[in-house]
Amino acid sequence: MGNIYHINQHKTAETNSIIQQLKQNKNNYFELDKKVRYRYDTIQAIFSFFQDDYEFLIAIFDDISLNVQEDWILEFLLLTASKLENIPNIPIEKYIHNPSGMPNSNTMALLRVNLLLGIQKEKILRTVKLLLNEAPNYDLGVGFCFIEKHFHYSDVIKKHFAHHFISEIFLDLDLEQHIHQNYNSYDEFESKTGVKAFTHNYISKRDTSLDYYTMNHPDCLEEIPYAFQYIKNNWDNYTRLQTEEIYEKIAFDINHYIVSFENPPYSIEEFRDIAFYASYRLGILDDFFRFLIGRDDEYLEIKAAECERWLNEENDMDSTIIYAQMKKIMHDSLNKITDCKYKQKVKAKQMQIQKTTV
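Predicted model only: the values in this text are computed from it and were never measured. Once a new chain begins, its residue numbering starts again from 1 and follows that chain's sequence as written. In view of the model being predicted, local features appear only for residues whose pLDDT reaches at least 70, and side-chain atom pairs are presented and counted only at 80 or more, with totals across whole chains, interfaces and linings using the full set of residues. To obtain the side-chain values, all non-hydrogen atoms of the structure were used and water was disregarded.

**Q** Quick question: what am I supposed to make of the packing of helix 14 (residues 235-259) against helix 18 (residues 321-334) here?
**A** How two helices sit against one another is set out by the angle between their axes and by the gap between those axes. Lines fitted to the C-alpha atoms define the axes, with helices restricted to the stretch that makes contact. Angles between their N-to-C directions range from 0 to 180 degrees. Strands are runs of DSSP state E lasting at least 2 residues, helices are runs of H or I lasting at least 4, and numbering of each runs from the N terminus. Axis separation between helix 14 and helix 18 bottoms out at 9 Å; the angle between their running directions is 155°. When the interaxial angle is binned, helix 14 and helix 18 end up roughly antiparallel. When you trace helix 14 past helix 18, the crossing you get is right-handed. Here Ile246, Tyr247, Lys249, Ile250, Asp253, Ile254, Tyr257 and Ile258 of helix 14 come into contact with helix 18, specifically with Ile321, Ile322, Gln325, Met326, Ile329, Met330, Ser333 and Leu334. Under the scheme applied, nonpolar residues are Ala, Val, Leu, Ile, Met, Phe, Trp, Tyr, Cys and Pro; charged residues are Asp, Glu, Lys and Arg; polar residues are all the others, including Gly. Split into classes, the residues belonging to the contact of helix 14 with helix 18 amount to 12 nonpolar, two polar and two charged. Should an angle fall under 35 degrees it is called roughly parallel, over 145 degrees roughly antiparallel, and 65 to 115 degrees roughly perpendicular, with every other angle called oblique. Left-handed is the label given to a crossing in which the near helix is rotated counterclockwise from the far helix by less than a right angle, and right-handed is the label when the rotation is clockwise. It only takes one pair of heavy atoms within 4.5 Å for two residues to be counted as in contact.

Right, dumping it as structure tokens:
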């Protein structure tokens, strides 16, 4: 990722002398020799000592953004952006009319910082991708090892890219769907796996260097438990919404199939009974009935008894194309359900129906 210049992590007597000069007059910074002025440890010391002097830090940013081409500038772009974002935003426009309507100076500075930050970050990510492509025979994950090596001196940069790659990795996974596919309940997930083990297992499969880094810097994962808490709180709602969506699609597709007949061979009631029978054979009559008709347990019992009788009596319904097509419509949609507990319930119902066959 290129050479690393002017990296000295230890405060020297020279650096301390510079800080003393700037304490007397901050404008002395702009009179410093460029070799000293644009040195990593100089900028680092200034950002540390003058961390609450936002105007001075913005002036430093404007200067180094024009004169420093080395990758370590990213650390101070991140620090500047963080400090500007944390400045209290007092809505003075409530009290003072601003005829120009222009954003305040801090807002404009933050826009400039974020613009350059995005450019620098994208340049580094492109380099990482290039290095990964040059080493196809090595399992280097998402390339965090390159970040650790190149920016070994900067915890700020390493942590920033750790957050970036963690977010990127989890965006590749539909987390809520994955948990529902593999666990019958959130309690089962917590007892068998748990948030911490799942997180580290998943990250380690994508990048072992990144996982090792998060073990030593657990604050990089502090947002992830909130995602799992949402999944826990939304568990029943997720299943309900997904099954409702599936049954809505089944009803739509079956209706579309029925109206496609120019000369329908059956009445609407007969078509509906075939659909009920298909849903019965697939173990979803109760849910499909309630979606179409509503909660009418007495009528549902009548239809369930009819379906059981048709199953055990000799009839030609199973061999008709219409029944086969309706069953296929339902089966295809049911395959899209990801909640494993619901799928197990349907499977158990199918087995129960098979046992009742004479």
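**Q** Just to check I follow, could you spell out helix 1 (residues 13-24) for this structure?
**A** Helical periodicity: at 3.6 residues per turn, an α-helix aligns residues three or four positions apart in one direction. Helix length check: helix 1 (12 residues) gives 17 Å between terminal C-alpha atoms against 16 Å at 1.5 Å per residue, within 8%. Using a 1.4 Å probe on the protein chains alone, a residue whose accessible area is under 20% of its type maximum counts as buried, one over 50% counts as exposed, and one in between counts as partly exposed. Every buried residue of helix 1 is listed here: Thr15, Ile18, Ile19 and Leu22. With its buried residues spanning 100° around the axis, helix 1 presents them on a single face. Turned more than 90 degrees off the buried face of helix 1, the exposed positions are Ala13 and Gln24. At its buried positions, helix 1 is contacted by helix 2 (34-37) and helix 3 (40-49). One less than the number of residues in a helix, times 1.5 Å, gives the span that helix is expected to have. The arc under discussion is defined with respect to the helix axis, by the directions toward the C-beta atoms.

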